[in-house]
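A closer look at the structure
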Amino acid sequence: MNRRFHLLAASALVSAAVAGGAHAQGSSDATMIEELVITAEKREQSLQDVPVAVSAFTSEKRDLIGISSVQDITNFTPGLAYSAGTDRISLRGIGRLTNNLASEPGVATYVDGIYTSSTVEVGRSPLFVDRVEILRGPQGTLYGRNSIGGAINAISKRPTTDFSGEIRGSYGNYNRRVLEGTVSGPITEGLRFRLGASMTKQDEGWFHNIAGGPDEGDVRDEKYFEGQIEGDLGENVDFWLKVARSRYDNRSAPGGRTGGGLTPQDSALITPGSLSPGAGYGFAFGQNVVALGPARNSAFVTTGGDLRAFSTNAETFNKLTDYSDQIQTNVTFHMDGADLKYIGGFQHYKYALQSDFDGTAIQSYTIPLNPGLTSPTTCTPTFVALNICRPLVARPNVVSLYQENKEWFSHELNLASTNDGPLQWILGAYLYNEKYRQPFDITLPDQAELATPSGAAANPRRIIYYTDQSMEAWSRAAFGQIDWQFTDTLKLTAGLRYTTDKKKGVESGRLFCFGCSAAVDPRVLGSFTPVLDITTSTFSGVRPAGVTDPQNGVIGPAVTDPATGIRRRGLYDTWDAWTGTLGLQWQPDSNTLAYAKYSRGYKAGGFNSGTITAFPETDSESVDAYELGLKKDWTGSLQTNISAFYYDYQDAQVPVSTQPPVGPSTAIFYNIPKSRSMGIELESIWQPVRNLQILFNYSFLDATIRDSCCITDGADPAAVAPGAKPVSSLGPVDPITGAPTSRGQDLSGNHLPVAPRNKVSFNTNYTWEFEPGSLTGSVSYVWRDKVFSSIFDRSYYEAPARSQIDARVAWKDTADRYTVILYGKNLTDQEDFDTMSATRQTGYAPGGAYNLNRTYVLVPPRTYGVELQYRW
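Residues numbered from 1 in each chain as written. Predicted model: local features only at pLDDT ≥ 70, side-chain atom pairs only at ≥ 80, totals over all residues. Heavy atoms only, no water.

1. Examining the overall build of the protein chain
Along its length, the protein chain carries 6 helices and 48 strands. Relative to its full complement of 872 residues, the protein chain shows a buried share of 57%. Counting only contacts in the protein chain whose residues sit at least 6 apart along the sequence, the fraction spanning at least 24 positions is 70%. Of the roughly 34,600 Å² that the protein chain leaves accessible, carbon and sulfur atoms contribute 58%. (Helix = DSSP H or I, 4+ residues; strand = E, 2+ residues; numbered from the N terminus. Buried < 20%, exposed > 50% of the residue type's maximum accessible area, 1.4 Å probe, protein only. Contact = heavy atoms within 4.5 Å. Areas by Shrake-Rupley, 256 points an atom, 1.4 Å probe, with all protein chains shown as cover.)

Written out as structure tokens, the structure reads:
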């Protein structure tokens, strides 16, 4: 697997053997694994008594191992994968492959029982989060909203009955500073409070700008505040309320720079006609090629191939433009034999991400005359008047601005039994509503010609690409689950949920072609005009030739507003599904739990909204999941949890950019008819002697496409790159080139994206006890198999296998008042790739030649620092 892993594992076993000899006479209680109580099934239970594959991380465990981010949680959770660059998470091959808000996540995230589409709260400091629970497999009963792959629960630390508090401060390399604190205690009898605040700043980035601009990569300026009140309203009612505010202004992930281009672009493919905006007519890829090719080649030469170097001039940021407010509350009414509980919440945020879209610091260049138009017979007065017979000065300062403005409400009411009888039950109703806008535009702010396009509405911001969607979504559900202990050792679980989802709204778009052919189609080499508004001809939503199927979800035709030039179209549809679970568990003794279960999962359909393309709607997803599990405490000091699963996964939603051998691409949202996910997972804890703990996790995952035909890879539409499957058939003749277009490739047998086949995580920690305090050392090793970032199993989408070593040392005084921690992550400073993607370099050379540009996401470099904690 990896020689370093074997060496590390061997050294850990040696240390265990040595420690075993030193402590052979120790108390057996000292090696007992502490019981962990979780609320995975909405009632307090021991982790070992829950017939679900669950990974749980308490705040103490996170401090011990050094789990400080969502990525760290991913490292120690079998089957879980996370992309830090895009804030996308997946479980056992099921997740989310787009940031379009009209498409839902495949793994549901809940913070104190409130659904959210972001994972930010999961990675918050252990000072604020009591524990994180990851439920693997469909949770189609108790966590029905978009939990087709699983659910993640983050539970906040609550107010205390005694006055207490804690302050933490840390300093690390790259000038990283963190200061946070909480205070908690009673207000009056039966009423308690908790206040907390956190500040994070980092001035130096992991990526350096060789053009002289600011560094990027984990540059942060973050603030977070929270207040809680918890109390009793009489003898039978208790409540909890949390109000939180946060704001940040970062140049970091998610959203910010996490890597760069690996393959320099090929400037030899540039022709005047290639100045067109390429894929989706989105922006002047031709000019980007001219600018980026020499610049990126030069960067690699001058920096010695430094993967953390870039050269841009436009300001880059990702930030909340206003404070994000969050309100959460629980109210419980205790009755005889049952609890009635309300869980409600509200949150809103305004997010903006600005990037240097051309990827260079080049300010201008001149597009030369086309030699075919310079002769006296072709360069007529008419052509001169159309600016065809003169060079064009291009100013490729291309800036993109992506925004999200979102708010949502969540309400749940459930009634759960509390008696000690053999039959336990829970009933509930759920309502969720969200509203959002998601505008995105690309501008050439220095290109004056774009402000006044000929024969079209004014374009004062000099936009070349604009999309937006203003949508609203509702989700309603009713659910119930029973647990029947029908013998001393056997328990039956059955759950059912009915869910309806509705989405409606308006999508908008406007497109310009800078330097396009006068004939509109950018593939025509030859004449061009500086600016052409092609909104009507491109944002049309017209069915492809020969296709008569209805466009589901579309309300009326697309209409262009003459005052703004923006084209709009309405979208609306509903989806519903029955989901649930059926399971049998066998518990012959208090240390053994075996279970078999079937679960049905569902994720609502969505829209490829914002681009007004044909067939914007995607169908809902579903999965039939079968699982066997065994949870076993072998001796009190050894605990193993094993699960094996098989998924029949239908209609996975995948965004695909299809492109013929020549010409512009078409973005679609595609449902893969059939996929399969199967695997086995192991989580183990061994405490062989006093003060020594060894954690070992392993997962095997085979997540593959079983039926999918026929899709074209936009990065290699002609399927000529090495390893490409042949195109399955040929489509209609292209009206410009006269060549048949490709139908695509059969993807059967390809991997689902970001689903590593093997993953290993290992931690060993040991505590030395002294009279004034204790010293704990902890070493972690993580190894992940290669992954593909696309449904196409191609080398240019492949991120190789990678590994990482972390370590920390913590000193704690005997009174548990203070802790000093020295930490280090990625100690070997590996420049490993987390994910890899590829795009086609647009440049229409003879014969349809093109080049591939690979974009990588790097794992963070070596980081280290010191943390101080003080408690009272």
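2. Structural notes on the nonpolar core
When a protein is soluble and globular, its nonpolar side chains tend to lie buried together. By size, the foremost hydrophobic cluster in this structure holds 42 residues, and its most contacted members are Ile-38 and Val-54. The element contributing the most residues to this core is strand E26 (residues 463-485), with 4 residues. In this structure Ile-38 touches Arg-43, Glu-44, Gln-45, Leu-47, Val-50, Val-54, Ala-56, Arg-131 and Glu-133, once residues within four positions along its chain are discounted. Residues Ile-705, Ile-711, Phe-792 and Tyr-797 belong to the second largest nonpolar core, which totals 25 residues. (Core = buried A, V, L, I, M, F, W, Y, C linked by side-chain atoms within 4.5 Å.)

3. Here's the deal with the packing of aromatic side chains
This structure, assessed with the given rule, holds 20 aromatic pairs. Judged by centre distance (5.8 Å) and plane angle (70°), the rings of Tyr-110 and Tyr-115 are edge-to-face. In terms of burial, Tyr-110 and Tyr-115 fall into one category: buried. Between Trp-575 and Phe-607 the ring centres are 5.9 Å apart and the planes differ by 65°, which places this aromatic pair in the edge-to-face class. Of this pair, Trp-575 sits in strand E30 (residues 567-589) while Phe-607 sits in strand E32 (residues 606-607), and the two are 32 residues apart along the sequence. (Phe/Tyr/Trp six-rings, centres within 6.5 Å; stacked < 30°, edge-to-face > 60°.)

4. Section: the sheet that holds strand E6 (residues 107-111)
Taken together, the 5 strands give an open sheet; going across it, the order is E3-E8-E9-E6-E7, and neighbouring strands pair in mixed fashion. Only two strands of the sheet have a single partner each, and these edge strands are strand E3 (53-58) and strand E7 (114-116). Put simply, the sheet's adjacent strands are angled 20° from each other on average, direction ignored. As paired elements, E3 and strand E8 (residues 129-136) share 6 bridges and run antiparallel to each other. (Pairing = 2+ DSSP bridges. Axes fitted to C-alpha atoms, helices over the stretch in contact; angles between N-to-C directions.)

5. Re the pairing of strand E4 (residues 80-83)
The side chains of a regular strand alternate, residue by residue, between the two faces of the sheet. In E4, alternate side chains face the same way, and those of Leu-80 and Tyr-82 on one face and Ala-81 and Ser-83 on the other are all buried. Hairpin connection, E4 to strand E5 (residues 88-91): the antiparallel pair is bridged by 4 residues, and Asp-87 has positive phi, about 55°.

6. A closer look at the side chain of Gln-48
With respect to the secondary-structure elements, Gln-48 resides in the loop between strand E2 (45-46) and E3. Reaching out from Gln-48, the side chain makes a polar contact with the side chain of Asn-641 at a distance of 3.0 Å. Setting aside chain neighbours within four positions, we find Gln-48 in contact with Leu-593, Lys-631, Lys-632, Asp-633, Gln-639 and Asn-641. (Polar contact = N/O pair within 3.5 Å; in protein donor to acceptor, adjacent residues only side chain to side chain.)

7. Focus on the side chain of Thr-640
Tracing the backbone shows Thr-640 in strand E35 (residues 638-658). Here the side chain of Thr-640 touches Trp-634 through a polar contact of 2.8 Å, side chain to side chain. With near-sequence residues (within four places) excluded, Thr-640 lies in contact with Leu-630, Lys-631, Lys-632, Trp-634, Leu-682, Glu-683 and Ser-684.

8. Quick notes on the pattern of salt bridges
Applying the stated rule across the entire model yields 43 salt bridges. With a closest N to O distance of 2.8 Å, Glu-681 and Arg-92 form a salt bridge. Here the residue Glu-681 occupies a position in strand E36 (residues 666-686), and Arg-92 occupies one in the loop between E5 and E6, the gap between them amounting to 589 residues. Accessibility assignment for this pair places Glu-681 and Arg-92 in one class, buried. Note that Arg-784 is salt-bridged to Asp-834, the shortest N-O span being 3.4 Å. (Salt bridge = Lys/Arg side-chain N within 4 Å of Asp/Glu carboxyl O.)

9. With respect to the pairing of strand E18 (residues 317-320)
Both strand E15 (residues 237-250) and E18 contribute to a ladder of 2 bridges, which runs antiparallel. Bridging from a neighbouring strand, Asn-250 pairs with Asn-318 of E18. Bridge count for E18 against strand E20 (residues 338-356) is 4 bridges, and the pairing is antiparallel. Residue pairing for E20: Phe-317 is matched across the bridge by Gln-354.

10. Quick look at the environment of Ser-198
Within the secondary structure layout, Ser-198 lies in strand E12 (residues 191-202). The buried category is assigned to Ser-198, whose relative accessible area is 14%. Setting aside residues up to four positions removed in sequence, Ser-198 forms contacts with Phe-128, Leu-179, Glu-180, Glu-222, Lys-223 and Tyr-224. In this structure the side chain of Ser-198 is engaged in a polar contact, spanning 3.3 Å, whose partner is the side chain of Glu-180.

11. A word on the environment of Val-219
Here Val-219 is to be found in the loop between strand E13 (208-209) and strand E14 (220-232). Residue Val-219 is classed as buried on the basis of its relative accessible area, which comes to 7%. Apart from residues lying up to four places away in sequence, Val-219 is in contact with Gln-202, Asp-203, Glu-204, Gly-205, Asn-250, Arg-251 and Ser-252.

12. As for the confidence of the model for the protein chain
Of the residues in the protein chain, 79% have a pLDDT of 70 or more, and the chain-wide mean is 82. Predicted confidence is poor over residues 264-304, with pLDDT under 50, and the contacts of this stretch with residues over four places away or in other chains come to 120 contacts. (pLDDT = per-residue confidence, 0-100.)

13. Points about a nonpolar patch on the surface
Nonpolar side chains collect at one region of the surface, where Phe-163, Ile-167, Leu-179, Tyr-818, Tyr-870 and Trp-872 lie side by side and expose about 610 Å² of accessible area between them. Trp-872 sits in the partly exposed class, given a relative accessible area of 33%. (Patch = residues over 30% accessible without salt bridge, like charges linked within 9 Å, V, L, I, M, F, W, Y side chains within 5 Å.)

14. Details of the environment of Ile-229
By the secondary structure assignment, Ile-229 is in strand E14. Each C-alpha atom, one on Ile-229 and one on Gly-185, is 9.9 Å from the other, the two residues being 44 residues apart in sequence. Discounting chain neighbours no more than four positions away, the residues touching Ile-229 are Leu-191, Arg-192, Phe-239, Trp-240 and Leu-241.

15. Digging into unusual backbone geometry
A cis amide bond links Ala-253 to the next residue, Pro-254, at an omega of -5°. With a phi close to 55°, Asp-816 is a non-glycine residue in the positive phi region. Inspection of the secondary structure assignment puts Asp-816 in the loop between strand E44 (802-813) and strand E45 (818-825). By relative accessible area, Asp-816 is classed as partly exposed at 36%. The residue Asp-829 is not glycine, and still its phi comes out positive at about 55°. Mapping Asp-829 onto the fold places it in the loop between E45 and strand E46 (833-841).

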